[in-house]
Amino acid sequence: MAGDRIETVAIARGPYRAELITLGAALRVLEVPDRLGNPANVVLGFADLEEYRGPPRFYGAVTGRYANRIGGARFTLDGVTHRLAANDGANSLHSGPFGLDQQYWDLTARSEDSARFRHISPAGHNGFPGTLTIEVQYVIEADGLAIRLTATTDAPTVVNLTHHAYFNLAGEASGATILDHLLRIPARRTTAIDAGLIPTGALAEVTGTPFDFRMPRRIGAEIDADDEQLRHGQGYDHNFVIDGADGRVRRVATLFDPGSGRVLDLHSGEPGLQFYSGNHLAGGAPGTSGQGYAARAGLCLEPQKFPDSPNRPDFPSPRLDPGAPYRHDIAFRFRTAASIEEAFAS
C-alpha cells in the first residue's frame, strides 16, 4: 500500500470548492465564503499527502466499518463472538488499524460538482464478518456539500459509517481555535461514558451541565469545567442522543463563527451525533496551510449510530443483513449571518 499513489479529485459549484483524495475517500479541502464573500478552507487536513498514510488523524475521512468505539474490541452476533483488532487501549476505535480511512478507494464516477468512490472491505478484516461493499458520493449543491454513504453485505454484520471532517469556520489557516464558535445540538441526553470513553449504558440528562447545547452555547464556555464526563474526554468527545430521531434527514446541529459570519447546518437521519472538540490535535504534521494545528483548532460533528451499539441491545441497532442496503445521507449546508440571533433564528 505504501507505494500506491494518493490521487486528488477537485469538484466545485458556485462559491464552493472541494478537494478529495483516494486514500480514505477523504475531504481534504472545502472552500466556503464568509459574510463578505471571501472564500476560505474550513476543514483541517495535511499539507503533505503522504501524511495521510498514518498515524491516523482521520482528517476528512469516511470512517468505519464501525465508526467510533466498540468496547473490549469484541461483539456477539447471532451467538458468535467476533474479536476485533484493538487500537484504542482494549477497545476498537473506528474499526481498528487500517480502517476505511487508511484504505484506497476507487473513483467510479465524477463530474464538475460530484465524485463517487467505492471500496470493498473483505470478510474478516479486523475481525468484522461479511464482505462489505461501500460507496460514498460527494455532491456540491447550491448551499454546500452533500454526502451519501451506502453499503451492502453478503453476511450479517454491523455497520456504522460516518464522515470525520474537522471544521474551523474561521478558516483552517486562521490560527484560531474553535472555542469561540457557538454550537446548538437538539439533544437532551448524552450516552454517558466511562474512563475508556465507552458508554456505560446510562443516558445522561444535559440539563444544568456543560453538555446542554439545546440553546446556542459558546464551545469554550465550560469545556474545562470540573465535570467527570469532561475529564474522561479531556473536553468534549461524547455522543449526543438526537431528540426525535426517526431516520428522517433533518438538521442535527448548527455551528456559527461570529468573526467570519459562517454558519454550518448539519443534516442527517442518524440517532446520534458525536461531538469531538479536537482535544488532541496539537503536535501533528503541518496542516494544508503549512502551519501546525493547536489543540482544539478544529471540531468534529459526526452523525452516527451510538458507540458500542453492537454490545448494547438497548441502543439503536447497527445490524446489516444481506439484501437490506445501508444508507446514510449527510449534508453540510452553509450560510452567513451578521449576528448570533440571525445565525440561530430558525
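Further up the page is the structure itself.
Residues numbered from 1 in each chain as written. Predicted model: local features only at pLDDT ≥ 70, side-chain atom pairs only at ≥ 80, totals over all residues. Heavy atoms only, no water.

S.K.: Looking at this structure, how should I read the sheet that holds strand β4 (residues 39-41)?
M.R.: Backbone-to-backbone hydrogen bonds join strands into a sheet, with any given pair of strands oriented parallel or antiparallel. In spatial order, the strands read β1-β2-β3-β4; together these four strands make up an open sheet with antiparallel pairing. Only two strands of the sheet have a single partner each, and these edge strands are β1 (8-13) and β4. Ignoring strand direction, the axes of neighbouring strands in this sheet form an average angle of 15 degrees. Here strand β3 (residues 26-33) pairs with β4 via three bridges, running antiparallel. Bridge pairing in β4 links E31 to N41. (Pairing = 2+ DSSP bridges. Helix = DSSP H or I, 4+ residues; strand = E, 2+ residues; numbered from the N terminus. Axes fitted to C-alpha atoms, helices over the stretch in contact; angles between N-to-C directions.)

S.K.: Is there a simple way to explain the layout of surface pockets in this structure?
M.R.: Over the atoms rolls a probe the size of a water molecule, and its path tells where empty space is left. In this structure, the largest pocket spans a volume of roughly 330 Å³. Taken together, 16 residues make up the lining of the largest pocket; nearest its centre are F58, R69, L93, Y166 and Y276. Partitioning the lining of the largest pocket into residue classes produces seven nonpolar, five polar and four charged. As a volume, the second largest pocket reaches approximately 170 Å³. Considering the residues around the second largest pocket, the lining is formed by Q137, V139, E141, A146, I147, R148, V249, H267, D329, I330, A331 and R333. Put simply, the parts of the chain that give the lining of the second largest pocket at least two residues each are β12 (132-141), β13 (144-153) and β27 (326-336). Among the elements that line the lining of the second largest pocket, the one with the most residues is β27, at four residues. (1 Å grid on protein atoms, 1.4 Å probe; cavity = no way out; pocket = protein on both sides within 12 Å on 5 of 7 lines; lining within 4 Å. Points joined across faces, edges and corners; volume = space filled by probe spheres on them. Nonpolar A, V, L, I, M, F, W, Y, C, P; charged D, E, K, R; others polar.)

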